[in-house]
Structure formats: structure tokens, C-alpha cells
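The primary structure of each chain is shown beneath.
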Amino acid sequence: MTGFRRDAQDHGVLGSVRLSQLVREADVELPAYVYDVDGMTETLRSLRHAFGDAPHLVAYAVKANSSGTVVRAFAAEGAGIDAVSGAEVELALACGVPANQILMSGVAKTDAEIDLALYKSILAIQAESVEELVRILARARATGHRADVSIRLNPGIEIDSHAHIATGHDSAKFGISESDLTAAWSVIDGSDGRLCQVGISVHLGSMQLSTEAYARSGRKLCDVARERRTAAPSLRYVDFGGGFGVDYGGESTVPPSEFAHTCVRTLRDAGLSDLMIVVEPGRSLVAPFGVLVARIVQTKRSAERRWVMINAGMNDLIRPALYTAKHRVELLEGAPQAPDWRVVGPVCESSDDFGFHPLGAEPTGLVAIRDAGAYSFVMASEYNGRPLPSEVFVKAGKVVSVSRSPGRKNWLERRLSS
Ligand code: LLP
């Protein structure tokens, strides 16, 4: 479960194969994402193992990487899915995830998405506001279905993460705050059984580097679950959320198994061990096992300054521009060495900038942008007339599938007909 590494000749390797060989074998246009699917499934397996005998469901937050190859591999390992749109629910079902292992979160589910969840009998619709509960009830009545729901609690806990990816604080649009719980319970209890509360959930935000806040919100969640249980005997699960951090280089973080242990301990201490534990990790299962391979187009020097221009930009990987995220950029052939170069893309925006990286005296050839398995391809766009990048999937050292870039012509045709 190492992700990108270097072999004895300092060539970049993913899984067990040199990346230069993989992109040659796949015969794709660059830039291309390359994924080590085995690394992802091994991480999932070891996370599941960490729950021991405790009943649990790992509901993979599919927004992190929604490729069919990844979702099918996770489904085969017994994962469930946390979806945030009707399309993600349909993707999960089509990839073989059982409906009763699919959750639907999100603050603005449309009626059509609620109906889909009802018709498909997914595990639960996770309600993020009292107003939404009322809408779910209306759809349940209109369609003649019973709606299995979970309440997503907003625990009012700040985490030490980028402001754009913290979700569990008082001013976030997510979840139902404690002061509104009574109103939520009364919608459920007054629904004549049309709303059936099966769960209670929380999600604090992404990139938690320790389990401290996770444990605190978990305790709050369990307190609410314990109190609510008498009135809602249908309660089956407690969902502690996702947000397990990864090391993008220099951050020290705890492994996913520590989060699993925290859930087991918290539930046991609350006397709720008969309930199922749900977690919703996205990033930690996939980020380290993807790289974006790009080609150096040219270098530029001006006085003391040095730039390396590559053929991948913020449209392919927006995290640096959006969150000032740092992804290590390394030559595919040759170990990192001084001097540092400022790596930039071709997009006409100053924020199309991957930061400074040690690329040696005269960088040429291919580079790997590391830890790009999560929130990377899924957030790509066609800005500046740049087609979506290719994707290459590797299992057991072999390219098992390739999703080719739709290409420039495809972009051109669609724009001309618009
Ligand atoms: N559950 C819910 C309800 C979520 O909103 C999220 C992520 C997750 C689970 C999974 O969180 P994870 O384990 O992946 O941290 N685009 C940003 C991250 C946004 C996260 C959104 N919600 C980034 O690139 O850092």
C-alpha cells in the first residue's frame, strides 16, 4: 500500500511497474491519470479488518473517485457507497453495490433524486435539514413508499483543515444542528411510519490528521443516538463520517485503521455496540494510489526565476488552485534534486501553478504529480478548450482498463453546436 515510489534506478513506479512503461503500454494521450487499483482495495481491506467483529459498513464516498473500475473493485470487497447525487446512486447500483449498502447525502437533493432513493430502497437518505425531512415525507406519501432516513447532525465542531473542506461547524450549510433536533424528531414521529429513522450521522470535514475531533464528534453522536433510541427503535446504525487525512508530503497523519478503532471504542463506551458502525471515507482509500502523468513542454528562465511548463493544468487538477494544496511533482526518471523549479500549467490563469519542486538542472521528459487519486479527475474541467484527461487503471502490474481523453475534436464539435 505504498502508492508512488522509486525503484533502484530512480524511475517512478506505481504498483509494481514503472510509470513510463505503463503510459507506453496504455498508449494514451497525456496528461493521464494512472491508478494502482490493488493499492486502493488493500487499503479498504485493512480498514475493514480494523473493525474486528464489530458490525460495520464502509460507505466509500464515491465523489472522491467515481471511476467504474474503482467502484466495482470496492463493491467486490464488500464496500457500500456514500452518494451525493442521483447519478452517483445509479453508478453504485450499476457497479454491483447492493441497494441496502448505499447512502444518499447532500444538502439539496431534488425530488427526482429522493424518488430514486425511494424506488431503489437504498439503506437511507441522510437528511441535512428539517425542511428536507418534510420534503422526503411528502415524496414518500406521493410515491406510496416508506422512507428510511438518517439524520445528519451538525455537531458544531471546528477541525483544523482548509476552510473549504470543513463541514461540521455552526456556519456550514451541512447537517442539522442540535438545537433543531427536536423539530426533526417531531417530523419523523408525526409521519405515521412513513419516515423510518434507521441512522444518525455526522461528517466533520476532510483531511483530519488525528482522531481527536473525530472522537469528540463521535461521542456527541452516540449521546444523541442513546437518547433517541427509545423513541426510535428502528435505529440501526451510527455513521461517524469520513475525512481521514492523507500525507501529501510532510503532513503526519494517522492510518485509516485508527479511525476504525476510535469508532469501535466510542460505540462500546456508549453501550451501543449492537448498532452498526458506518464510516464514509473517500480520500484515504484512493488519493495515494493515483498520479497524474504530464509532459514537460518547455522551461523558462528570467533573471533568478525558473519555470517548468507542463501539459497538465488547473483544469486537469484543480486542488492547488482551489485550496493551495501541494502535490509533489517529480520527474519520472531521476530522483528529486536541486534546484527548485516553479511548475505551471498552460491555462491562462496565474493560479494555474503547482508550486516549487526539485527537478534538477535541466528538466525534460515526463513528470508525475503525486497523490492524485482523490478529488482530481472528478474535479477536472475543459476550461481553455482543454479536453478531459485520460485515465489508466492498473491491477497486478497490468493495465486493465483505459478511459481515453475525449480529445480536442470532441470539445470543438460540442462547442460549435452550442
Ligand atoms: N461524507 C460526506 C458527507 C462528505 O461530504 C465527504 C467529503 C466525505 C464523506 C468524504 O470525505 P473524505 O474522506 O474524502 O475526506 N474536494 C476537496 C474535498 C471535499 C470533500 C467533500 N466531502 C479536496 O480536494 O480536498
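What counts and how
- Residue indices begin from 1 for each chain and proceed along its sequence in written order.
- Where totals are concerned, whole chains, interfaces and linings use all residues; where local detail is concerned, this predicted model gives features only for residues with pLDDT of at least 70, and gives and counts side-chain atom pairs only at 80 or more.
- The criterion for a residue being near a molecule or strand is simple: its C-beta atom, placed using the backbone, must lie within 6 Å of it.
- The secondary structure listing takes helices from DSSP runs of H or I that are at least 4 residues long and strands from runs of E that are at least 2 residues long, numbered from the N terminus.
- For this scheme, ten residues count as nonpolar: Ala, Val, Leu, Ile, Met, Phe, Trp, Tyr, Cys and Pro. Four count as charged, namely Asp, Glu, Lys and Arg, and the remainder, Gly too, count as polar.
- An automatic or database domain assignment supplies the residue ranges for each domain.
- Here the expected span of a helix is defined as 1.5 Å times the quantity of residues minus one.
- We call a residue exposed when 12 or fewer other C-beta atoms sit within 10 Å of its C-beta, buried when the count reaches 20 or more, and partly exposed for counts in between; the C-beta positions come from the backbone.
- We call two residues in contact if the C-beta atoms placed from their backbones are at most 7 Å apart.
- Of all possible arcs, the one meant is that of the directions from the helix axis to the C-beta atoms.
- Paired strands, as defined in this entry, are two strands with at least two bridges between them according to DSSP.
- Working convention: axes come from line fits to C-alpha atoms, limited for helices to the stretch in contact. Angles between N-to-C directions cover 0 to 180 degrees.
- By definition in this entry, angles of less than 35 degrees are roughly parallel, angles greater than 145 are roughly antiparallel, angles of 65 to 115 are roughly perpendicular, and the rest are oblique.
- Left-handed describes a crossing in which the near helix is turned anticlockwise from the far one by less than a right angle; the clockwise case is right-handed.
- Clockwise travel from the first strand over the helix to the second, with the strands pointing away from the viewer, marks a crossover as right-handed.

Near the ligand, the surroundings consist of 20 residues, among which Ala-61, Ser-206, Gly-242, Gly-282 and Tyr-375 are the closest. Those elements that provide at least two residues to the shell around the ligand are helix 10 (283-286) and helix 11 (319-323). For the shell around the ligand, the per-class residue count stands at seven nonpolar, nine polar and four charged. A domain-level breakdown of the shell around the ligand finds at least three residues from each of domain 1 (5-36 + 287-416) and domain 2 (105-281).

Let's shift gears to helix 2 (residues 37-50). With 14 residues, helix 2 extends 20 Å from end C-alpha to end C-alpha; this agrees with the ideal 20 Å at 1.5 Å per step. Along helix 2, the residues classified as buried are Val-37, Gly-39, Met-40, Thr-41, Thr-43, Leu-44 and Leu-47. Gly-52 sits one or two residues past helix 2 and shows a positive phi near 60°.

Segmentation of the protein chain into domains returns domain 1 (5-36 + 287-416) and domain 2 (105-281). Across the contact, nine residues belong to domain 1 and six residues belong to domain 2.

With that settled, consider helix 9 (residues 256-269). Compared with an ideal rise of 1.5 Å per residue, which puts 14 residues at 20 Å, helix 9 spans 20 Å between its outermost C-alpha atoms and is within 8% of the ideal. Within the sequence span of helix 9, burial applies to Pro-256, Phe-259, Ala-260, Thr-262, Cys-263, Thr-266 and Leu-267. Mapping the buried residues of helix 9 onto a view down its axis gives an arc of 155°, with all of them on the same face. Where helix 9 is buried, its residues touch helix 2, helix 8 (212-228), strand 12 (237-239), strand 13 (276-279) and helix 10. Positive backbone phi, approximately 70°, marks Gly-271, located one or two places after helix 9.

Where strand 15 (residues 305-310) lies against strand 17 (residues 340-344), three bridges are found, and the strand directions are parallel. Considered in strand 17, the bridge of Val-308 is made with Val-343. Judged from the five bridges that link them, strand 17 and strand 18 (residues 353-358) form a sheet pairing that is antiparallel. Residue Val-343 lies in a different strand from strand 18, and its bridge partner there is Gly-355.

Here we take up the packing of helix 8 against helix 9. Helix 9 packs onto helix 8 with a crossing angle of 30° between their chain directions and a minimal axis gap of 10 Å. Between helix 8 and helix 9, the angle is such that the two are roughly parallel. Handedness of the crossing formed by helix 8 with helix 9: right-handed. Of helix 9, the residues touching helix 8 (which contributes Tyr-214, Ala-215, Gly-218, Arg-219 and Cys-222) are Phe-259, Thr-262, Cys-263, Thr-266 and Leu-267. Among the residues making up the contact of helix 8 with helix 9, the classes are represented as six nonpolar, three polar and one charged.

The buried count for strand 9 (residues 147-154) comes to eight of eight residues, which makes it a mostly enclosed element. In the sheet, strand 8 (residues 124-127) pairs with strand 9 via three bridges, with the strands oriented parallel. Directly across from Ala-127, in strand 9, lies its bridge partner Ile-151. You can see the chain leave strand 8, run along helix 6 (residues 130-143) and come back into strand 9, and the turn it takes is right-handed. Both strand 9 and strand 11 (residues 195-201) contribute to a ladder of six bridges, which runs parallel. The residue of strand 11 that forms the bridge with Ile-151 is Ile-200. As paired strands, strand 9 and strand 10 (residues 176-177) are joined by two bridges and run parallel to one another. Residue pairing for strand 10: Leu-153 is matched across the bridge by Ile-176.

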